[in-house]
Amino acid sequence: PRTTLEYRVAEGRTYSLTIADIRGRRIRQLAEGTGNGQWETRSWNGKDDAGRALPSGLYFFHLRTVGSIEIRKVILAR
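Residues numbered from 1 in each chain as written. Predicted model: local features only at pLDDT ≥ 70, side-chain atom pairs only at ≥ 80, totals over all residues. Heavy atoms only, no water.

1. A closer look at the overall build of the chain
Line of reasoning, step 1. Helix and strand content of the chain: 0 helices and 6 strands.
Line of reasoning, step 2. For a compact globule of 78 residues, the expected C-alpha radius of gyration is about 12 Å, and the chain comes in at 12 Å, within 12% of that figure.
Line of reasoning, step 3. Based on the C-alpha atoms only, the size of the chain along its principal axes is roughly 35 × 20 × 20 Å.
Line of reasoning, step 4. Within the chain, the fraction of its 78 residues that count as buried is 35%.
Line of reasoning, step 5. The long-range fraction of contacts in the chain, counting pairs at least 24 apart against all pairs at least 6 apart in sequence, stands at 51%.
Line of reasoning, step 6. For the chain, the accessible area works out to roughly 5,000 Å², and carbon and sulfur atoms hold 47% of it.
Line of reasoning, step 7. Between the mean site of the 14 positive side-chain charges and the mean site of the 8 negative ones, the chain shows a separation of 7 Å. (Helix = DSSP H or I, 4+ residues; strand = E, 2+ residues; numbered from the N terminus. Rg over C-alpha atoms; globule rule 2.2 N^0.38 Å. Buried < 20%, exposed > 50% of the residue type's maximum accessible area, 1.4 Å probe, protein only. Contact = heavy atoms within 4.5 Å. Areas by Shrake-Rupley, 256 points an atom, 1.4 Å probe, with all protein chains shown as cover. Lys, Arg positive; Asp, Glu negative; His and termini not counted. Charge placed at Lys NZ, Arg CZ, Asp CG, Glu CD.)

2. Remarks on the pattern of salt bridges
Line of reasoning, step 1. Per the counting criterion, the structure on display carries 6 salt bridges.
Line of reasoning, step 2. When the shortest N-O distance is used, the salt bridge between R25 and D21 registers 2.7 Å.
Line of reasoning, step 3. Judged by its relative accessible area of 9%, D21 falls in the buried class.
Line of reasoning, step 4. Of the charged contacts, one joins D49 and R28 as a salt bridge, the two residues approaching to 3.9 Å between their closest N and O atoms. (Salt bridge = Lys/Arg side-chain N within 4 Å of Asp/Glu carboxyl O.)

3. Comments concerning the side chain of E40
Line of reasoning, step 1. Within the fold, E40 resides in strand β4 (residues 39–44).
Line of reasoning, step 2. Once residues within four sequence positions are removed from consideration, E40 is found in contact with L5, E6, Y7 and Y15.

4. Regarding the sheet that holds strand β5 (residues 57–65)
Line of reasoning, step 1. Taken in spatial order, the 4 strands line up as β3-β2-β5-β6 in an open sheet, and their pairing is antiparallel. Each having just a single partner strand, β3 (26–34) and β6 (68–76) make up the two edges of the open sheet. Geometrically, the sheet is characterised by an average inter-axis angle of 15 degrees between neighbouring strands, direction not taken into account.
Line of reasoning, step 2. Two elements, β5 and β6, share 9 bridges in a ladder whose sense is antiparallel. By the bridge assignment for β6, F60 is matched with K73. (Pairing = 2+ DSSP bridges. Axes fitted to C-alpha atoms, helices over the stretch in contact; angles between N-to-C directions.)

5. Re the environment of Y59
Line of reasoning, step 1. Relative to the elements of secondary structure, Y59 occurs in strand β5.
Line of reasoning, step 2. Residue classification places Y59 among the buried positions, given a relative accessible area of 6%.
Line of reasoning, step 3. Each C-alpha atom of the pair Y59 and R72 lies 8.6 Å from the other, and the pair is 13 residues apart in sequence.
Line of reasoning, step 4. For Y59, the residues in contact, after removing those within four places along its chain, are I19, A20, D21, W44, L54, R72, K73, V74 and L76.
Line of reasoning, step 5. Polar side-chain contacts of Y59 include one of 2.9 Å to the backbone oxygen of P55. (Polar contact = N/O pair within 3.5 Å; in protein donor to acceptor, adjacent residues only side chain to side chain.)

In structure tokens form, the structure reads like this:
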């Protein structure tokens, strides 16, 4: 399984894009850096930071910038 997230961060804003489980624990760091104002895409293959396959369930993409957070849900089905 693989899913792709498309996002845009304002130019010059620092951000991080992570995956969290239902309890809010960080599972995977997908990206971090400084926004360029352009649309970007990142894929997630259903694995954690250590490369272990995660079980089916509900997970959340967290896009954090200074002063804001955007959360999107994704269902991982194996």
